[in-house]
Amino acid sequence: MTTAPANPEKGGALDGIGPALGRWRRGFRAWRSGRPFWAGLLILLAGGPILYFPYAHIQLGSLTVAMSTVSGAGSLVIGLLLIVLGITVWFQPLVRVFVGVATIILSLVALVISNFGGFGLGLILGLLGGALAIAWTFDKAAPEPAAPAPASDSGPESTTVGPGSE
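Note that the structure is predicted; figures quoted are calculated from it, not measured.

A. Just the nonpolar core, in detail. Membership of the largest hydrophobic core comes to 17 residues, with the highest contact counts inside it found for I43, I78, L82 and L85. Elements with a minimum of two residues in this core: α2 (37-52), α3 (72-91), α4 (96-113) and α6 (121-135). When sequence neighbours within four positions are dropped, the list of residues in contact with I78 reads I50, L106, V109, A110 and I113.

Written as structure tokens, this is what we have:
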């Protein structure tokens, strides 16, 4: 089975997509490398299960299981705070240590407040994201070699004192 060669004279609708996608991907990679991207993503994803499960109504056949708890408002606050912290660490990387510590504390509080921290999923994602945020560091550019100090003409070449020195 052979395919017909593409006609180079006819321009397709997707001709400009390849280079544009490549430029976008390089730009996104450069943006991502200057901040704790994966920490922010895990923190953002940790807020989802913590926010969702207390308000979920799961259908098992004809049986409806409601996960509503008394602490639904607490789960809402914790989930929204985790989502905001995940976005914050992306756009303000300087506050990464605060965001990491706050995420770990909120994830541990969600263990008690929100159905075992979103049935463990939000808890694990929050702990990992918080730890990544705390551990992330800025790329430090290699320091340029220092210029040699200029020699001074005001004194003797050697200041060594001892036997054999004149």
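B. Region of the structure containing the packing of α3 against α4. At a closest axis distance of 10 Å, the pairing of α3 and α4 adopts a crossing angle of 160°. As summarised for this structure, α3 and α4 are arranged roughly antiparallel, according to the angle between their axes. Classified by chirality, the crossing of α4 by α3 is left-handed. Between α3 and α4, the residues in contact are G74, S75, I78, L81, L82, L85, T88 and V89 and R96, F98, V99, A102, T103, L106, S107, V109, A110 and I113, respectively. Considered class by class, the residues forming the contact of α3 with α4 number twelve nonpolar, five polar and one charged.

C. Geometry of the packing of aromatic side chains. One pass over the structure, following the stated rule, counts eleven aromatic pairs. A ring pair is formed by F28 and W31, whose centres lie 5.9 Å apart and whose planes are at 25°; its orientation type is stacked. Here W31 and F28 lie together in helix α1 (residues 17-33), a separation of three residues that amounts to about one turn. Judged by relative accessible area, F28 falls into the partly exposed class, the value being 26%. Measuring from ring centre to ring centre gives 5.0 Å for F37 and W38, while their planes differ by 80°; the resulting arrangement is edge-to-face. Assessed through its relative accessible area of 53%, W38 is described here as exposed. Taken together through their ring pairs, the aromatic side chains of W24, F28, W31, F37, W38, W90 and F91 make up a single cluster.

How each quantity is defined
Sequence order as written defines residue numbering, which begins from 1 separately in each chain. Local features are withheld for residues below a pLDDT of 70 in this predicted model, meaning they are given only at 70 or higher, and side-chain atom pairs are given and counted only at 80 or more; totals for whole chains, interfaces and linings count all residues. Water and hydrogen atoms play no part in the side-chain values, which are based on all heavy atoms of the structure. What is meant by a nonpolar core is a set of buried Ala, Val, Leu, Ile, Met, Phe, Trp, Tyr and Cys residues, joined one to another through side-chain atoms within 4.5 Å. The buried label applies to any residue whose accessible area, calculated with a 1.4 Å probe on protein chains only, is under 20% of its type's maximum; exposed applies above 50%, and partly exposed to all values in between. Comment: elements are numbered from the N terminus, with helices defined as DSSP H or I runs of at least four residues and strands as E runs of at least two. Contacts were defined at the residue level, with two residues in contact if any of their heavy atoms lie within 4.5 Å. Only the stretch in contact is used when fitting a helix axis, every axis being a line fitted to C-alpha atoms; angles between N-to-C directions are given from 0 to 180 degrees. Angles are sorted into four bins: roughly parallel if under 35 degrees, roughly antiparallel if over 145, roughly perpendicular if 65 to 115, and oblique for all others. Here a crossing is taken to be left-handed if its near helix is turned anticlockwise relative to the far helix by less than a right angle, and right-handed if that turn runs clockwise. For this classification, Asp, Glu, Lys and Arg are treated as charged, while Ala, Val, Leu, Ile, Met, Phe, Trp, Tyr, Cys and Pro are nonpolar and the rest, including Gly, are polar. Note on aromatic contacts: the rings of Phe and Tyr and the six-membered ring of Trp form a pair at centre separations within 6.5 Å, being stacked when their planes are under 30 degrees apart, edge-to-face when over 60 apart, and tilted otherwise.

Read these as layout, nothing more, since geometry by itself doesn't imply function.
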